[in-house]
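# Commentary on secondary and tertiary structure
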Amino acid sequence: MIRNIYPDNEKNIWIAGSQLACINTITGITSVYNEDQMLNDPQFKFETYTDHRHRKWLLGKFALFYSDSSTGKMKLFSAFTPQQTSKLGNTIFPDTLHHCVWVTDHNNLMLFDEKTKNVYTADYNPVNNPLLNAFKKKSVSFLFIDKQHNIWAAEWNSVINKSDERLKTIKEYFPIHADGKKPVVTNKDTTITTLCIYQDMH
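Residues numbered from 1 in each chain as written. Predicted model: local features only at pLDDT ≥ 70, side-chain atom pairs only at ≥ 80, totals over all residues. Heavy atoms only, no water.

## Remarks on the sheet that holds strand S17 (residues 169-173)
One open sheet holds the four strands; their spatial order is S14-S15-S16-S17, and the pairing between them is antiparallel. Edge positions in the sheet fall to strand S14 (140-145) and S17, since each of these pairs with one other strand and no more. Direction aside, neighbouring strands of the sheet carry axes that sit 20° apart on average. Of the pairings in the sheet, the one linking strand S15 (residues 151-155) to strand S16 (residues 160-164) comprises four bridges and is antiparallel in character. Counted as the bridge partner of isoleucine 151 is serine 163 from S16. (Pairing = 2+ DSSP bridges. Helix = DSSP H or I, 4+ residues; strand = E, 2+ residues; numbered from the N terminus. Axes fitted to C-alpha atoms, helices over the stretch in contact; angles between N-to-C directions.)

## Some points on the nonpolar core
Core analysis: the largest hydrophobic core is formed by 17 residues, its most contacted members being Trp102 and Leu109. For this core, the secondary-structure elements that each account for two or more residues are strand S11 (100-104), strand S12 (109-113), helix H2 (130-134), S14 and S15. Counting residues in hydrophobic clusters, the runner-up holds 15 residues, among them Ala16, Tyr33, Phe65 and Met74. (Core = buried A, V, L, I, M, F, W, Y, C linked by side-chain atoms within 4.5 Å. Buried < 20%, exposed > 50% of the residue type's maximum accessible area, 1.4 Å probe, protein only.)

## Focus on the pattern of salt bridges
Under the definition given, this model contains seven salt bridges. For the salt bridge of lysine 117 with glutamate 47, the shortest nitrogen-to-oxygen distance reads 3.2 Å. Taken as a pair, lysine 117 in the loop between S12 and strand S13 (119-121) and glutamate 47 in strand S5 (residues 46-50) lie far apart in primary sequence, 70 residues in all. The closest approach of N and O atoms between lysine 168 and glutamate 165, which form a salt bridge, is 2.7 Å. One continuous salt-bridge network, built from bridges that share partners, spans Lys138, Glu155 and Glu172. (Salt bridge = Lys/Arg side-chain N within 4 Å of Asp/Glu carboxyl O.)

Written as structure tokens, this is what we have:
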């Protein structure tokens, strides 16, 4: 499945799914990169982060890797595109205001702190991040950050949470529930979720 499509400034179209592909619109040449190629190709650069289980994470512009706890081998967490113009299933979103990257594994919310290079979660939050605290008991499937730096997080029961940057509040929305009532808490195996969030110019 194709999740993201991104045109760069060098006449390339990048396509992210289970692998990463690049189509040069001038030559028509297509390059496809699997996880080993992304790890070893020097054009893909990564920053190293560490979580509280001492696992290593490699975060780049096009992919996120983590170290397997039993083998130590780096495994692909997700391939994605920067500054997505086509957004489907955002599990990784840079937060330029707070100098971090938000990541979800389709369940738990994680904060990749650019300063400390640590990975924080709702269960490991020594920095007492208010968003991690607010989402501690929520199953976050996808993310979006709007132009006002508000963070929108979808849950598997089709609830959408808005973290308002100006008001410092969390509000829940129920877009597919006409009665306005909060649905029963469910998980990714038994329910639907929001796949796309788009902010227009109005």
